[in-house]
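The primary structure of each chain is shown beneath.
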Amino acid sequence: MHRTIFTTPVVNTVLRAFSVTYLKLTGWTVTGNLAPECARSVFIAAPHTSNWDLPNTLMVAFALRLNIYWMGKEQIFRPPFRGLMQWLGGIPVNRQQVSNVVAASVEAIAAADGPLQLIVPPEGTRSKVRYWKTGFYYIALGAKVPIVMAYMDYDKKISGLGPVFLPSGDIEADMVKIKAFYAPFKGRNANQFTAE
């Protein structure tokens, strides 16, 4: 995978200090730790209802000493911002050709020579959706890595890492359990998130 802000030594140290301070001053609590067996994993990012989710997620990642990559729509990677967005851990996704995203993600996780946490928002968009996309599930299943249920609750100002979930292959039963965990959380635009 490409070099990111999280693997740039001096920048990482400075931004971690900034992130921890900013989150504390603005009243956010960050909880959880990444278990050693989750060094390579897929993170669910929910609720995802606002553009503010990205900077907040980056700060939480610094606070928790993570090495995240995240998927974003191809449009935000257009010049002159492409290099910056990739340095922030972004991976462009062409929504018209999503069939290859799962296979490419599985391959990237397998090829990584160090820790890699791939963040995938199950809603696939900041807008309200009726059904969650299941790419995160199939990426974890294909790469044989755990799913970490990461969350950001704007109502209570709590963010962090929840339980680790090992996909069983029975997606219907597993999605019921996953969505039950996310049901209480409120996004920045609470009316745009549902875990039903």
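This text gives an overview of the structure that appears in the document. (Residues numbered from 1 in each chain as written. Predicted model: local features only at pLDDT ≥ 70, side-chain atom pairs only at ≥ 80, totals over all residues. Heavy atoms only, no water.)

Brief notes about helix H6 (residues 171-182)
Consideration 1: With 12 residues, H6 ought to run about 16 Å at 1.5 Å a step, and its terminal C-alpha atoms sit 16 Å apart, in line with that.
Consideration 2: Of the residues making up H6, those classed as buried are Ile171, Asp174, Met175, Ile178, Lys179 and Tyr182. For H6, the angular spread of the buried residues around the axis is 130°, confining them to a single face. For H6, the exposed residues set more than 90 degrees away from the buried face come down to Val176, Lys177 and Ala180.
Consideration 3: The elements touched by buried residues of H6 are strand E2 (40-46), helix H5 (135-143), strand E6 (147-153) and strand E7 (158-165). (Helix = DSSP H or I, 4+ residues; strand = E, 2+ residues; numbered from the N terminus. Expected span 1.5 Å × (residues − 1). Buried < 20%, exposed > 50% of the residue type's maximum accessible area, 1.4 Å probe, protein only. Arc of directions from axis to C-beta. Contact = heavy atoms within 4.5 Å.)

Examining the nonpolar core
Consideration 1: In this structure, Phe136, Ile178 and Tyr182 are the most contacted members of the largest nonpolar core, which totals 29 residues.
Consideration 2: When residues of this core are traced back to their parent elements, those giving at least two are E2, strand E3 (68-73), helix H4 (101-111), strand E5 (116-120), H5, E6 and H6.
Consideration 3: The element contributing the most residues to this core is H5, with 5 residues.
Consideration 4: Not counting the four nearest positions on each side in its chain, Ile178 is found in contact with Ile44, Trp132, Phe136, Met149 and Phe165. (Core = buried A, V, L, I, M, F, W, Y, C linked by side-chain atoms within 4.5 Å.)

Structural notes on the side chain of Ser105
Consideration 1: Along the chain, the position of Ser105 falls in helix H4.
Consideration 2: Those residues within four positions of Ser105 in sequence are excluded, and the remaining contacts are Met71, Leu118 and Ile139.

So, the packing of aromatic side chains
Consideration 1: Summed over the entire model, instances satisfying the criterion amount to 11 aromatic pairs.
Consideration 2: Centroid distance Trp28 to Tyr154: 5.3 Å. Interplanar angle 85°. Geometry classified as edge-to-face. Residue Trp28 is located in the loop between helix H1 (9-25) and strand E1 (29-31), and its partner Tyr154 is located in the loop between E6 and E7; the two are separated by 126 residues in the primary sequence.
Consideration 3: Considering the side-chain rings of Tyr151 and Phe181, the 6.1 Å spacing of their centres and the 75° angle between planes classify their relative orientation as edge-to-face. A residue pair is termed long-range when its members are at least 10 positions apart, and Tyr151 in strand E6 and Phe181 in helix H6 qualify at 30 residues.
Consideration 4: Each residue in the set Trp132, Tyr151, Phe181, Tyr182 and Phe185 is aromatic and connected to the rest through ring pairs, giving one cluster. (Phe/Tyr/Trp six-rings, centres within 6.5 Å; stacked < 30°, edge-to-face > 60°.)

Regarding the pairing of E7
Consideration 1: Sheet topology note: the E1/E7 ladder contains 3 bridges and is parallel. Opposite Thr31, over in E7, you have Gly160 as the bridge partner.
Consideration 2: The hairpin turn running from E6 into E7, its antiparallel successor, is 4 residues long, and Lys157 in that turn takes a positive phi close to 55°. (Pairing = 2+ DSSP bridges.)

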